[in-house]
Amino acid sequence: MNDRKQHVVKMAHELFINKGFQATSIQDILDYSGISKGTFYNYFSSKNELLMAIFKTIYKDLEKKRNELLIGQDRSDIEIFIKQIEMQLMTNRKNRLIPLFEEVMVSKDTELKKFLEQGKLRNIQWIYHRLIDIFGESKKPYLLDCAIMFMGILRENIKFNRLYNESSANISRIVRYSVNRLVNMVADLSENKEQLLQPELVESWFPNCKKQHHDLNKKIHNIIFLLKNNIGSDKNHMKAKELLEFIEEELFGTKSPRKFLIGSAILSLKTEHGDEWGKDLSQLEQLLEEYFKLIKD
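The name given to the chain in an unreviewed UniProt entry is TetR/AcrR family transcriptional regulator, and the organism recorded there is Neobacillus sedimentimangrovi.

Okay, here's the thing in structure tokens:
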């Protein structure tokens, strides 16, 4: 997303929060962002698409930060999961997303409702896979049920703590309390062999985003993050950073990633930094080959 488009997304987000999504017109967005109608429609086909872009931008950044918490860590460490959930809740609070969710869900806009419902399913899918990391494959038959119940427990705990506590809700305490209930649920369901939903249902929600995609995307994010950590402040290194960010944007920010452009970016990186980053660049190149093979299949 170029700088000007990001500016429009940021300005529209402020308007939707302060004025409300329904009450904000496209003309309001044009005036507040300082762009023409032609420029707006060059970026977005509708106000709905703009709102979706806001959610996608925020959650893409959240996904990246959640993945970074796992780098070099034991994936089964439940403390990392607690930090990831806290990060998600703080992201919602910081960006004041809940009022936008609520406004959409009480509206008659089926397109946006479907988009938000898919977002909920993706979140449950992510939690389900993280629970497999934490509790192991032997507990897998019960973990979709647990992921769904955990989200309900967490949501209601937050809501009622905010309603009835004089001080603002302590997110960290609520998350840890809810995760402790989750641990008990996993133990109870597996011991009694109780199951409501088949875990295979998760993959049917998003046929093109199965666990294989999920794991591969995390590996690509991780290796790009490690490469960025090696970047200095000179001109050549800043160009390398731009190339790495372009690869991420092309892969995860577009519907049809262009392999030839990504290949060209990798070639430039190898030419300029092959000696210092050879092993990591080779690993990234291999992961990208796996990625394009997977989406082709």
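Still to come is the rest of the account.
Let us look at the UniProt feature "domain: HTH tetR-type" (unreviewed entry) in the chain. UniProt records the feature "domain: HTH tetR-type" (unreviewed entry) for residues 2-62 in the present numbering. This span, residues 2-62, is 79% helix and 0% strand, and a straight line between its end C-alpha atoms measures 19 Å.

Moving on, we come to the side chain of Asn217. In this structure, Asn217 sits in helix H11 (residues 211-229). By relative accessible area, Asn217 is classed as buried at 17%. Residue contacts for Asn217: discarding those within four places in its chain leaves Phe252 and Tyr291.

Along the chain, His221 falls in helix H11. At 3.1 Å, the side chain of His221 forms a polar contact with the side chain of Glu248.

A few words on a nonpolar patch on the surface. On the surface, Ile148, Leu196, Leu197 and Leu201 cluster together into a nonpolar patch covering about 340 Å² of accessible area. Along the chain, Leu197 falls in the loop between helix H9 (171-192) and helix H10 (201-205). We classify Leu197 as partly exposed; its relative accessible area is 30%.

As a further point, take the environment of Gln84. Considering the arrangement of structural elements, one finds Gln84 in helix H5 (residues 78-94). Given a relative accessible area of 0%, Gln84 falls into the buried group. Distance in space between the C-alpha atoms of Gln84 and Leu70 is 9.3 Å, their sequence separation being 14 residues. Setting aside its immediate chain neighbours within four residues, Gln84 contacts Arg66, Leu69, Leu70, Trp126 and Arg130. Here the side chain of Gln84 touches Arg130 through a polar contact of 2.8 Å, side chain to side chain.

Bringing the nonpolar core into the picture now. As a rule of thumb, nonpolar side chains are buried together in soluble globular proteins. Among the nonpolar cores identified, the biggest contains 29 residues, and Phe81 and Phe150 are the most heavily contacted of them. For this core, the elements supplying multiple residues, two or more each, are H5, helix H7 (110-135), helix H8 (140-164) and H9. Among the elements that make up this core, the one with the highest residue count is H8 (nine residues). Residue contacts for Phe81: discarding those within four places in its chain leaves Trp126, Ile127, Arg130, Leu131, Ile134, Phe150, Val179 and Leu182. Leu15, Leu30, Ala53 and Leu112 belong to the second-largest nonpolar core, a separate cluster that totals 27 residues.

The full count for this structure, using the stated rule, is 10 aromatic pairs. Ring geometry for Phe16 versus Phe21: centroids 5.0 Å apart, planes at 75°, classification edge-to-face. Seen in terms of ring centroids, Phe81 and Phe150 are 5.8 Å apart; in terms of plane orientation they differ by 45°. Their pairing is tilted. You can see Phe81 sitting in helix H5 and its partner Phe150 sitting in helix H8, a full 69 residues away along the chain.

Helix H4 (residues 47-70) packs onto helix H1 (residues 3-19) with a crossing angle of 105° between their chain directions and a minimal axis gap of 10 Å. Judged on the interaxial angle alone, H4 and H1 are roughly perpendicular. Residues Val9, Ala12, His13 and Phe16 of H1 pack against Lys47, Leu50, Leu51, Ala53, Ile54, Thr57 and Ile58 of H4. Taken together, the residues of the contact of H1 with H4 sort by class into eight nonpolar, two polar and one charged.

Another point: the environment of Asn67. Inspection of the secondary structure assignment puts Asn67 in helix H4. On the accessibility criterion, Asn67 (4% relative accessible area) is buried. Placed 154 residues apart in sequence, Asn67 and His221 show a C-alpha to C-alpha distance of 7.3 Å. Aside from chain neighbours lying at most four places away, what touches Asn67 is Lys218, His221 and Asn222.

Among all positions of helix H2 (residues 26-33), only Ile29, Leu30 and Ser33 are buried. What you see down the axis of H2 is that its buried residues fit within an arc of 100°, all on one side. Taken together, the buried residues of H2 touch H1, helix H3 (37-43) and H4. Downstream of H2 by a residue or two, Gly34 has a phi angle that is positive, lying close to 75°.

This paragraph deals with the packing of H5 against H8. Where H5 meets H8, the closest approach of the two axes is 13 Å, and the angle between their N-to-C directions is 50°. As far as their axial angle goes, H8 and H5 are oblique. Crossing geometry of H5 relative to H8 is assigned as right-handed. For the pair formed by H5 and H8, the contact residues are Phe81, Ile85, Leu89 and Arg93 on the first element and Phe150, Leu154, Ile158 and Arg162 on the second. Of the residues belonging to the contact of H5 with H8, the class tally is six nonpolar, no polar and two charged.

So, how was this worked out
- Residues numbered from 1 in each chain as written.
- Predicted model: local features only at pLDDT ≥ 70, side-chain atom pairs only at ≥ 80, totals over all residues.
- Heavy atoms only, no water.
- UniProt positions renumbered as here; feature names shortened; annotations may be inferred.
- Helix = DSSP H or I, 4+ residues; strand = E, 2+ residues; numbered from the N terminus.
- Buried < 20%, exposed > 50% of the residue type's maximum accessible area, 1.4 Å probe, protein only.
- Contact = heavy atoms within 4.5 Å.
- Polar contact = N/O pair within 3.5 Å; in protein donor to acceptor, adjacent residues only side chain to side chain.
- Patch = residues over 30% accessible without salt bridge, like charges linked within 9 Å, V, L, I, M, F, W, Y side chains within 5 Å.
- Areas by Shrake-Rupley, 256 points an atom, 1.4 Å probe, with all protein chains shown as cover.
- Salt bridge = Lys/Arg side-chain N within 4 Å of Asp/Glu carboxyl O.
- Core = buried A, V, L, I, M, F, W, Y, C linked by side-chain atoms within 4.5 Å.
- Phe/Tyr/Trp six-rings, centres within 6.5 Å; stacked < 30°, edge-to-face > 60°.
- Axes fitted to C-alpha atoms, helices over the stretch in contact; angles between N-to-C directions.
- Parallel < 35°, antiparallel > 145°, perpendicular 65-115°, else oblique.
- Nonpolar A, V, L, I, M, F, W, Y, C, P; charged D, E, K, R; others polar.
- Arc of directions from axis to C-beta.
- Left-handed = near helix turned anticlockwise from the far one by under 90°.

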